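Residue strings, one per chain:
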Amino acid sequence: MSQDFSEFKLKVDWKPAPFRGHSVKRNISQSLWSKIRKQTLEERECKCRICGYEPDEANLRYLEMHEIERYDEDNLICTLEGIDLICKRCHAFHHLGFTFSRTTEEQFSELIQHFIKVNNCTEEDFRNHYKSVREKKAQKVPDIAEIMKVSREKRAVKYRITADIPYKENVILQLKKKELYRESV
């Protein structure tokens, strides 16, 4: 029996394996990323887009920039489609594989409670949503031959930017200098 999770504001996700550890943020200067963050904080009024969390000035570090990405696994291209300003707890669900590896059981239970509160759902709803996402992602798992081919080729992840982000031209310029930018076709 399929359950509809389209009304959930907070959803579970994680990056495909070839893209883990790769992001625009990691490939541009920290000073440029800081400028993008500052402008994004101002534009988004220092508020989590998902749960509405609004920290005081001293706790702005609990708001994080989430890169909204689309993945072309055949060509190893990561397309930046936007940047979201979300709280640390909401961000944990966008990178659930990473979150699993970095949290205690108690911390993860607290995160599940956050998910339940944000989506006004039950723990069973959370578990069903997670299972649904996991099953969809498993359909995209490459076979062993494909994994071995990518491993031998050691190709670099390339980036495209379709979003209207602050300092977009500067970001593209820095990626181009590293030969990591792929023009849209």
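Residues numbered from 1 in each chain as written. Predicted model: local features only at pLDDT ≥ 70, side-chain atom pairs only at ≥ 80, totals over all residues. Heavy atoms only, no water.

(A) Expanded view of the environment of F108. Within the secondary structure, F108 is located in helix α4 (residues 105-119). The class for F108 is buried, based on a relative accessible area of 12%. In the structure, F108 is positioned 19 residues away from R89 in sequence and 10.0 Å away in space, judged by C-alpha atoms. Ignoring any residue separated from it by four or fewer positions in sequence, one finds F108 in contact with L96, T99, F100, T103 and F126. (Helix = DSSP H or I, 4+ residues; strand = E, 2+ residues; numbered from the N terminus. Buried < 20%, exposed > 50% of the residue type's maximum accessible area, 1.4 Å probe, protein only. Contact = heavy atoms within 4.5 Å.)

(B) The arrangement of the pairing of strand β2 (residues 77-87) in detail. Most of β2 is tucked away, with 10 of its 11 residues classed as buried. Connecting strand β1 (residues 63-72) to the antiparallel partner β2 that follows it, the hairpin turn spans 4 residues, and L76 within it adopts a positive phi of roughly 50 degrees. (Pairing = 2+ DSSP bridges.)

(C) Examining the packing of aromatic side chains more closely. By the definition in use, this model includes 10 aromatic pairs. Plain terms: the ring middles of F8 and F115 are 5.6 Å apart, the flat faces sit at 80 degrees to each other, and that makes the pair edge-to-face. Of the two residues, F8 sits in the segment before α1 (30-43) while F115 sits in helix α4, which places them 107 residues apart along the sequence. Judged by its relative accessible area of 12%, F8 falls in the buried class. (Phe/Tyr/Trp six-rings, centres within 6.5 Å; stacked < 30°, edge-to-face > 60°.)

(D) Main features of the packing of α4 against helix α5 (residues 123-138). Closest axis-to-axis distance for the α4/α5 pair is 9 Å, and the angle between their directions is 100 degrees. Taken together, the axes of α4 and α5 are roughly perpendicular relative to one another. Here F108, I112, Q113, F115 and I116 of α4 come into contact with α5, specifically with E123, F126 and H129. Broken down by class, the residue content of the contact of α4 with α5 amounts to 5 nonpolar, 2 polar and 1 charged. (Axes fitted to C-alpha atoms, helices over the stretch in contact; angles between N-to-C directions. Parallel < 35°, antiparallel > 145°, perpendicular 65-115°, else oblique. Nonpolar A, V, L, I, M, F, W, Y, C, P; charged D, E, K, R; others polar.)

(E) Quick peek at the layout of surface pockets. Of the pockets and cavities examined, the second largest pocket occupies roughly 1200 Å³. Of all elements in the fold, only α1, β1, α2 (88-94), α3 (96-102) and α4 reach the threshold of two or more residues within the lining of the second largest pocket. Broken down by element, the residue count for the lining of the second largest pocket peaks at 6 residues, all from β1. Per-class residue counts for the lining of the second largest pocket are 12 nonpolar, 13 polar and 12 charged. (1 Å grid on protein atoms, 1.4 Å probe; cavity = no way out; pocket = protein on both sides within 12 Å on 5 of 7 lines; lining within 4 Å. Points joined across faces, edges and corners; volume = space filled by probe spheres on them.)

(F) Structural context of the environment of F8. When the C-alpha positions of F8 and F126 are compared, they lie 9.9 Å apart, and in sequence the two are 118 residues distant. Residues in contact with F8, not counting those within four places in the same chain, are F115, N119, C121, D125 and H129.

(G) Just the nonpolar core, in detail. In this structure, V12, F93 and F115 are the most contacted members of the largest nonpolar core, which totals 27 residues. Counting residues per element, the ones that place at least two in this core are β2, α2, α4 and α5. Looking at this core element by element, the count peaks at 6 residues for α4. Look past the residues within four positions of V12 in its chain and what remains in contact with it is F93, L96, F115, F126, H129, Y130 and V133. One finds F19, W33, L76 and I161 within the second-largest nonpolar core, a separate group that totals 21 residues. (Core = buried A, V, L, I, M, F, W, Y, C linked by side-chain atoms within 4.5 Å.)

(H) Up close: a negative patch on the surface. Among the surface-exposed residues, E42, E43, D164 and E169 lie close enough to one another that they form a single negatively charged patch. Considering the arrangement of structural elements, one finds E169 in helix α7 (residues 168-177). With a relative accessible area of 59%, E169 lands in the exposed category. (Patch = residues over 30% accessible without salt bridge, like charges linked within 9 Å, V, L, I, M, F, W, Y side chains within 5 Å. Areas by Shrake-Rupley, 256 points an atom, 1.4 Å probe, with all protein chains shown as cover. Salt bridge = Lys/Arg side-chain N within 4 Å of Asp/Glu carboxyl O. Lys, Arg positive; Asp, Glu negative; His and termini not counted. Charge placed at Lys NZ, Arg CZ, Asp CG, Glu CD.)

(I) Quick peek at the pattern of salt bridges. The full count for this structure, using the stated rule, is 6 salt bridges. One salt bridge connects R49 with D84, and the closest N-O pair in it is separated by 2.8 Å. In this pair, R49 sits in the loop between α1 and β1 while D84 sits in strand β2, placing the two residues 35 residues apart along the sequence. Judged by relative accessible area, which is 7%, D84 ranks as buried. With a shortest N-O distance of 2.6 Å, R127 and E123 are connected by a salt bridge. Of this pair, R127 and E123 both sit in helix α5, separated by 4 residues, roughly a single helical turn. Judged by relative accessible area, R127 falls into the partly exposed class, the value being 46%.

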